[in-house]
Amino acid sequence: MTPAFEALQKELKRLPGVGFRSAERMAIYLLLEKPEAAERLSEAILRARECVRSCSVCGNVCEDELCSICADSRREESGSLCVVEHVSDLMAIEKSGAYRGRYHVLHGKLSPINGVGPENLNLDGLAKRIEEEGVGELILALPNDVEGEATCHYLTELVESDKVEVSRIGFGLPSGASVLYADSGTLKSALDARKRY
Ligand SMILES: [Zn+2]
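Residues numbered from 1 in each chain as written. Predicted model: local features only at pLDDT ≥ 70, side-chain atom pairs only at ≥ 80, totals over all residues. Heavy atoms only, no water.

Attention now moves to the overall build of the chain. Check the secondary structure of the chain and you find eight helices and seven strands. In terms of overall dimensions, the chain has C-alpha extents of about 60 × 35 × 35 Å along its principal axes. Relative to its 197 residues, the chain shows a buried fraction of 40%. Taking contacts inside the chain between residues at least 6 apart in sequence as the whole, the part at least 24 apart equals 53%. Of the accessible surface of the chain, which amounts to about 11700 Å², a share of 53% is contributed by carbon and sulfur atoms. Placing the 24 positive and 32 negative side-chain charges of the chain at their respective mean positions leaves the two points 4 Å apart. (Helix = DSSP H or I, 4+ residues; strand = E, 2+ residues; numbered from the N terminus. Buried < 20%, exposed > 50% of the residue type's maximum accessible area, 1.4 Å probe, protein only. Contact = heavy atoms within 4.5 Å. Areas by Shrake-Rupley, 256 points an atom, 1.4 Å probe, with all protein chains shown as cover. Lys, Arg positive; Asp, Glu negative; His and termini not counted. Charge placed at Lys NZ, Arg CZ, Asp CG, Glu CD.)

Structure below.
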C-alpha cells in the first residue's frame, strides 16, 4: 500500500456503514480497476456540494430554500409531523408510501455518553413549527434503542400541549433496529400500529 492509497482508504472508512475491507475494495476499484469512476465520483461530489443544502424548515435535502415536501401545501393538510433521525429515514418512509404528511429531521439523536445534547440536534424551530403549522399529531419515527427512547422523552416534554397528540412507531421494528433498514411492509405496519406515547 502507498501513503496516498491509505489516505483514500482512511477517508472512505469514515463514511457511515463502511468497514475496513469495504473501504479497501472501494479504493482498489476507484484507483486501479475503474479510474474513470473516480473522476465521475469526485465531480458528482463537488457539484452536489455546491447546490445541495439542508431544507431551512425540516432539514431534508434540497436545492432551493425549501425541500419538495415542505413546498407541497397538500402535505400540511394531514396535520401531522413525523420526526426522524436522518434524511435516509425520511427517504425510507417516503418510499413505503405509508405516510403523506410533513417531516422534521433531527440529524441525530440524544446521546449524553457521546456528547450529543439537544443543542447538537436540529431542534430549533420544531416547537414553532408545531404551533404555526397547526400540527395535531407528532409521530416519532426514531430508533428503538436507549438514545431513541431518551430523544422521544425529550420531545414529549418539549411539546407539552393538549392540542398535540404524540405517538411513536413501534410495532414491526425489532429491538435495536433503525427505520433505515426496515423494508416497506415493515415500515407500513410500524406506522399503522403507532401508539399514543
Ligand atoms: Zn423541508
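Moving on to the side chain of arginine 75. Residue placement: arginine 75 occurs in helix 4 (residues 73-76). Its relative accessible area of 6% is what places arginine 75 among the buried residues. In terms of polar contacts, arginine 75 uses its side chain to reach the backbone carbonyl oxygen of glycine 101, at 2.9 Å. Apart from the residues lying within four places of it in its own chain, the contact partners of arginine 75 are Ile69, Glu94, Tyr99, Arg100, Gly101, Arg102 and Tyr103. (Polar contact = N/O pair within 3.5 Å; in protein donor to acceptor, adjacent residues only side chain to side chain.)

This next bit is on the confidence of the model for the chain. Per-residue pLDDT for the chain has a mean of 90; in total, 98% of the residues score no lower than 70. Considering each helix and strand of the chain separately, the mean pLDDT is smallest for strand 7 (residues 195-196), with a value of 72, and largest for strand 4 (residues 102-105), with 97. (pLDDT = per-residue confidence, 0-100.)

Core analysis: the largest hydrophobic core is formed by 24 residues, its most contacted members being Cys67, Cys82, Val84, Ile93, Tyr99, Tyr103 and Ile169. At the level of elements, strand 3 (80-84), helix 5 (87-96), strand 4, strand 5 (137-141) and helix 8 (184-192) are the ones that each hand at least two residues to this core. Ignoring anything within four residues of it in the chain, the contact list for cysteine 82 reads Ile93, Tyr99, Arg102, Tyr103, His104, Ile139 and Ala141. In this structure, Val83, Leu106, Val135 and Leu140 belong to the second largest nonpolar core, which totals 17 residues. (Core = buried A, V, L, I, M, F, W, Y, C linked by side-chain atoms within 4.5 Å.)

Turning next to the coordination of the zinc ion. In this structure, Cys55 (SG), Cys58 (SG), Cys67 (SG) and Cys70 (SG) serve as the protein donors to the zinc ion, at separations of 2.3 Å. One chain supplies every donor to the zinc ion, and in sequence these donors are spaced C-x2-C-x8-C-x2-C. With cysteine 58 in the loop between strand 1 (53-54) and strand 2 (61-62) and cysteine 70 in the loop between strand 2 and helix 4, the pair connects residues that are 12 residues apart, well separated along the chain. Like cysteine 70, cysteine 58 is buried. (Donors = N, O, S within 2.8 Å, 3.2 Å for Na, K, Ca; no water.)

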